[in-house]
Every structure is written in structure tokens, then in C-alpha cells.
Amino acid sequence: MATTRTSSRANDVERRAELKTEQHIPVRNLRFDLDPERLRDWHPGGPVITAFFNNLSIFFPAGERFFIRSVRAHRGHVTDPVLREQVRGFCGQEGVHNREHQRYNEMLEAQGYPIAEMEARVERLLAFVEKTFPPRMCLAATAALEHFTATMGHFLLTEPELLEDAAAPMRDLWRWHSAEENEHKAVAFDVYMAAGGNYPERAFAMVVATVLFWAKVVEHQARMMKADGTAWRPGSWLRFGDILVGEAGVLRGLLRPYLDYFRPSFHPWDVDNRALVEEWARRLVETGSYGAADPHGGSEVPPAATRG
Ligand SMILES: [Fe+2]
Ligand SMILES: [Fe+2]
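Given the structure is predicted, the values throughout are model-derived calculations rather than measurements.

Colleague: Sorry, what's going on with the overall build of the protein here?
Modeller: The secondary structure content of the protein amounts to 12 helices and 2 strands. From first element to last, N terminus to C terminus, the protein shows the α and β order β-α-α-α-α-α-α-α-α-α-α-β-α-α. With 308 residues in all, the protein has 40% of them scored as buried. For the protein, the proportion of contacts with a sequence separation of at least 24, taken over those separated by at least 6, is 83%.

Colleague: Would you take a moment to explain helix 5 (residues 135-158) for this structure?
Modeller: Because each turn of an α-helix spans 3.6 residues, side chains separated by three or four positions in sequence point in the same direction. Counted at 1.5 Å a residue, the expected span for helix 5 with its 24 residues is 34 Å, and the 34 Å between its end C-alpha atoms agrees. Burial of helix 5 is extensive: 20 of the 24 residues sit out of reach of the surface.

Colleague: What exactly am I supposed to notice about the confidence of the model for the protein here?
Modeller: Note: predicted coordinates in regions of low pLDDT should not be interpreted at a detailed level. Across the protein, pLDDT averages 88, with 86% of residues at or above 70. Model confidence for the protein, summarised as mean pLDDT per element, is weakest for helix 12 (residues 303-306) at 46 and strongest for helix 7 (residues 187-194) at 98. Throughout residues 291-301 the model reports pLDDT below 50, and contacts reaching past four residues in sequence, or to other chains, amount to 17 contacts. A low-confidence stretch, residues 304-308 stays under pLDDT 50, and its non-local contacts, those more than four residues away or across chains, total 16 contacts.

Colleague: Before we go on, may I ask you to explain the environment of Pro44 in this structure?
Modeller: With respect to the helices and strands, Pro44 occurs in the loop between helix 1 (9-22) and helix 2 (47-72). On the basis of neighbour counts, which here come to 12 C-beta atoms within 10 Å, the residue Pro44 falls in the exposed class. Separated by 118 residues in sequence, Pro44 and Leu162 place their C-alpha atoms 9.4 Å apart.

Colleague: What is the right way to look at the nonpolar core in this model?
Modeller: Buried together is how nonpolar side chains tend to be arranged in soluble globular proteins. Ranked by size, the top nonpolar core spans 65 residues in total, and within it Val71, Ala188 and Val191 carry the most contacts. Broken down by element, this core gets its largest block of residues, 13 residues, from helix 2. Residues in contact with Ala188, not counting those within four places in the same chain, are Phe67, Val71, Leu139, Thr142, Ala143 and Glu146.

Colleague: Looking at this model, I keep getting lost on helix 2. Mind explaining?
Modeller: Its 26 residues place the ends of helix 2 38 Å apart at the C-alpha level, agreeing with the 38 Å of an ideal helix rising 1.5 Å per residue. The largest bend along helix 2 reaches roughly 40° and is located at Phe60, with the proline Pro61 sitting one to four residues downstream. Helix 2 sits mainly inside the fold: 21 of its 26 residues count as buried.

Cut-off values and rules
Residues numbered from 1 in each chain as written. Chains lettered and ligands numbered in written order. Predicted model: local features only at pLDDT ≥ 70, side-chain atom pairs only at ≥ 80, totals over all residues. Helix = DSSP H or I, 4+ residues; strand = E, 2+ residues; numbered from the N terminus. Buried ≥ 20, exposed ≤ 12 C-beta atoms within 10 Å, placed from the backbone. Contact = placed C-beta atoms within 7 Å. Expected span 1.5 Å × (residues − 1). pLDDT = per-residue confidence, 0-100. Core = buried A, V, L, I, M, F, W, Y, C linked by C-beta atoms within 7 Å. Bend = angle between axes of the 7 residues up to and from the residue.

Written out as C-alpha cells, the structure reads:
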């Protein structure tokens with residue numbers, strides 16, 4: 001696997017500084033040609049796993065706008081020019097993800113799923129978090145959720161069979177998003193630390209984010225399966241349990257990186273997976289689905305992508 005884990009603490013600090021300086025975060029203004037007719041059955045593993053991926057898409061538009069707001073609210077603390085540039089790349093990538101998942105979700109809504117209502121509930125939850133907690137706690141929650149997106153993305157890229165036989169545009173969208181989440185995986189964390197972040201606060205934010213996020217995942221899954229007419233079949237829930245905690249389950253794969261976040265010395269670049277991400281970027285370019293600019297050109301880059 002194209003991943004290395006550094007060993008001693010001194011080496012860690014040195015290596016992280018190098019990775020931070022090296023990491024370029026390109027904004028690729030891509031569009032994915034999703035087929036609305038395939039949204040219910042685009043994954044060969046069946047309707048429950050298709051609903052699971054579709055379920056995750058519901059979070060992104062509101063979630064990524066929250067991430068961008070949280071990072072931007074603290075950019076005044078960032079004096080390092082490299083990190084300032086990375087903040088621009090982060091906002092740009094999340095802006096394009098936001099747009100593509102919005103289109104994906106609108107197609108799901110048109111297929112009869114109650115997506116707009118679920119999106120509105122995510123939006124309200126995040127508005128409540130912003131109203132209740134101080135801005136730096138919102139950034140700590142962003143860093144925590146970015147750890148989820150990066151580690152889930154890493155999991156999808158290191159277990160390519162999970163998407164191998166899926167409908168090509170959906171497969172490529174999820175791999176593109178996975179790769180870019182890893183390219184920018186340390187930005188929210190580094191801005192949080194530049195803003196004076198501390199261990200107890202970020203650990204607390206991770207616990208709260210974990211509870212709220214996974215409670216919403218279960219709620220979304222129930223509603224997606226209800227719309228599919230599969231929610232009352234015990235086999236559907238067994239399949240969902242298998243996706244989460246089965247032998248090749250997502251939560252099993254994510255447990256160790258999740259616990260890593262609770263190390264006081266944790267940093268997202270403790271796992272140097274740049275080679276893995278670059279390899280996927282290269283492969284997706286070869287398929288013609290990744291790296292090709294939006295045919296509509298730069299004017300289509302959403303506003304979130306053009307300001308840092
Ligand atoms: Fe994203
Ligand atoms: Fe992200």
C-alpha cells in the first residue's frame with residue numbers, strides 16, 4: 001500500500017513541516033455526467049450500499065459550506081504563506097465538491113427521495129452548532145469531520161474493489177472526492193492549530209461530531225431505504241450492519257485512524273498517503289474522467305472556489 005507512517009516524534013515534526021510545504025492543492029473544476037436513471041442502482045452491491053453512498057452525499061452541500069465558513073472565519077490567524085495558499089485550494093476544492101454533490105442530490109430528489117428535507121435538517125443542525133458554540137469550536141468540528149472524509153476517502157482508494165464495478169460516473173465522482181479530501185486533509189487542522197486550538201477542545205469536538213454524524217447517517221439510511229421500499233426488510237438492515245461492521249466494514253477500516261485522532265501529538269500527515277492519492281489522480285486522468293476541465297470553463301467555478 002502506498003502509505004508510510006513516520007516513527008519518532010522528532011522525525012514526525014520534521015516530516016510534517018516538509019509535507020505541509022510541499023502539498024499543493026489544485027482546484028479542478030470538474031463535472032460528472034451522472035445518469036439520473038442509474039441513481040437507485042449504480043452500485044453492483046445492491047440497493048442498500050447504493051443508498052449508503054447516496055446517504056453520504058446528502059451531507060456534503062451543507063457540510064462543505066460549513067467547513068468553508070469555519071476555515072475562512074479563522075484565516076486572519078494564518079501568517080504562513082504556504083498555509084494561506086492551501087486555504088485557497090481547500091475552499092476551491094470544497095466549493096467544486098459542493099456544486100457536484102448539489103447536482104447529484106437534486107437528481108436524487110427528482111427520483112423521489114426526500115433529499116431537500118434531509119439537507120435542510122443537516123443545514124439546521126449546523127446552524128444550531130454555529131449558534132451554540134464559539135467559532136473555534138466550529139473549526140474544531142470541521143477538523144474532526146475532515147478527518148472522517150479523509151479517512152473514508154483513504155479507505156475507498158485502498159479498497160478499490162468497493163467501487164470497481166460501479167457505474168463509471170458515480171465511481172469516478174467518489175474517487176475524485178476521496179482523492180481531493182486527502183490532498184487537503186490537513187488544512188482545517190492546521191488553521192485550527194494556528195488559531196490557538198488545543199487538545200481537549202479538538203478531542204471534545206471529535207466526540208460530538210462522531211455522535212451527531214453517525215446518528216444522522218442512520219437516520220438518512222432509514223429514510224433512503226423507506227423511499228426504496230426496503231426499510232421493512234430485516235435483510236436490508238443486516239446488509240447495512242455488514243457495510244458498517246462486517247468483515248470488510250467501513251467502521252472496522254476507520255477504527256484505527258479514528259482512534260489516532262485522540263493522540264495529543266496527532267497530525268493528519270502522520271499518514272503520508274500522497275503516493276496513493278497521486279496514483280489515483282493519474283489513473284483517473286487515464287480514464288478521461290479526472291483532470292479534464294469543466295467544458296464550461298473557469299467561469300463555472302463556484303464563488304466558494306475563487307476566494308481564499
Ligand atoms: Fe469535499
Ligand atoms: Fe474536505
